[in-house]
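# An overview of the molecular structure
The primary structure of each chain is shown beneath.
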Amino acid sequence: TEEEYLELLAANQGNFTGIGVNFLISDPIADGLFIYRVLDHSPAEAAGLKAGDLITHVNGVSVVGRNYDDVYADLSVATGEVLSFTVSRGGDVLTVSVTFSEFVQNYVSYRMIGELGFIRIHSFMPPASDEFQTALNDLLSQGAKGFIFDLRNNPGGSLDAVESILDFLIPKGEEMVVIQFKDSEEIHYAKIDPKTDAPMVVLMNSSSASA
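Everything numeric in this text was worked out from a predicted model, so none of it was measured.

### Quick look at the overall build of the protein chain
Counting secondary structure elements, the protein chain contains five helices and 14 strands. Dimensions of the protein chain, computed from the C-alpha atoms along their principal axes, are close to 60 × 45 × 30 Å. Taking all contacts inside the protein chain whose residues are at least 6 apart in sequence as the whole, residues at least 24 apart take part in 61%. Accessible surface computed for the protein chain: about 11,700 Å², of which carbon and sulfur atoms make up 51%. For the protein chain, the distance from the average position of its 12 positive side-chain charges to the average position of its 30 negative side-chain charges is 8 Å.

### Let's talk about the packing of aromatic side chains
Enumeration over the complete set of coordinates arrives at four aromatic pairs. Summarising the aromatic geometry, the rings of Phe-132 and Phe-149 are spaced 5.7 Å apart at their centres and angled 50° between planes, so their arrangement reads as tilted. On the criterion of sequence distance, the pair formed by Phe-132 in helix α4 (residues 128-141) and Phe-149 in strand β11 (residues 146-150) is long-range, its members being 17 residues apart. In terms of burial, Phe-132 and Phe-149 fall into one category: buried. Ring pairs connect the aromatic residues Phe-132, Phe-147, Phe-149 and Phe-168, which therefore count as one cluster. Above the ring of Phe-118, the side-chain terminus of Arg-111 is found at 4.6 Å from the ring centroid.

### Concerning helix α3 (residues 68-75)
Buried within α3 are the following residues: Tyr-68, Val-71 and Leu-75. All buried residues of α3 lie within an arc of 65° about the axis, which places them on one face of the element. Residues of α3 that are buried sit in contact with β2 (21-24), β3 (33-38), β4 (54-58) and β6 (82-89). Near the N-terminus of α3, the side chain that reaches the backbone nitrogen of Asp-69, with its oxygen 2.9 Å away, is that of Asn-67.

### Remarks on the environment of Val-201
Mapped onto the fold, Val-201 is located in strand β14 (residues 200-203). Here the alpha-carbon distance between Val-201 and Phe-149, two residues 52 residues apart in the chain, equals 6.2 Å. Once you skip the residues sitting within four places of it in the chain, Val-201 turns out to touch Phe-147, Ile-148 and Phe-149.

### What to know about unusual backbone geometry
The backbone of Asn-59 shows a phi angle near 50°, a positive value even though the residue is not glycine. Using a relative accessible area of 43% as the deciding quantity, one classes Asn-59 as partly exposed. The residue Asn-153 is not glycine, and still its phi comes out positive at about 65°. By secondary structure assignment, the location of Asn-153 is in the loop between β11 and α5 (159-167). With relative accessibility at 22%, the residue Asn-153 sits in the partly exposed group.

### Quick look at a negative patch on the surface
The grouping of Glu-2, Glu-3, Glu-4 and Glu-7 at the surface amounts to a negative patch. On the accessibility criterion, Glu-7 (48% relative accessible area) is partly exposed.

Rules behind the numbers
- Residues numbered from 1 in each chain as written.
- Predicted model: local features only at pLDDT ≥ 70, side-chain atom pairs only at ≥ 80, totals over all residues.
- Heavy atoms only, no water.
- Helix = DSSP H or I, 4+ residues; strand = E, 2+ residues; numbered from the N terminus.
- Contact = heavy atoms within 4.5 Å.
- Areas by Shrake-Rupley, 256 points an atom, 1.4 Å probe, with all protein chains shown as cover.
- Lys, Arg positive; Asp, Glu negative; His and termini not counted.
- Charge placed at Lys NZ, Arg CZ, Asp CG, Glu CD.
- Phe/Tyr/Trp six-rings, centres within 6.5 Å; stacked < 30°, edge-to-face > 60°.
- Buried < 20%, exposed > 50% of the residue type's maximum accessible area, 1.4 Å probe, protein only.
- Lys NZ or Arg CZ within 6 Å of the ring centre and 35° of its normal.
- Arc of directions from axis to C-beta.
- Polar contact = N/O pair within 3.5 Å; in protein donor to acceptor, adjacent residues only side chain to side chain.
- Patch = residues over 30% accessible without salt bridge, like charges linked within 9 Å, V, L, I, M, F, W, Y side chains within 5 Å.
- Salt bridge = Lys/Arg side-chain N within 4 Å of Asp/Glu carboxyl O.

And the structure:
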């Protein structure tokens, strides 16, 4: 619908309404909803939820053995409504209340690990390019001698965004993206000089996809 399309466009720019977590999905749900990421600036982060937490109950109702879509429907409440979670964390059982609300998330997070710059790209949505440039410049200014790019659980996104990011890393004029069709191929080349030629590695897993 038009409303759903507008929501999608807003989400692509980082504007969300929700609690701000990513789950590892199993269907039916086994031990609970495992949180592998808590989004920056989200209601979940403000409430104290952490990556690695296991949600076993939502508003007092167990999620174990239930269909994921049914539980997801229970999580989709009105803006301003509070959800109560029973959370298993390292052997402790906690009760955490999270307000369903609007927030803006970052698609890129980063930090120094020793002499290495660590950049995690959560998704290749349009804002990721500017966020990546900021991260790269900041880490270079801190003296990063190499880079780790973490694309684990990154589902992909915009081809324009991933090309803009690659432009900061690949020498001008070199092949950047090759798109193969049945009878032809399309080659995209780097357009600018790279910001660094430091050693780089990329982390991926079975949930890294597309861009």
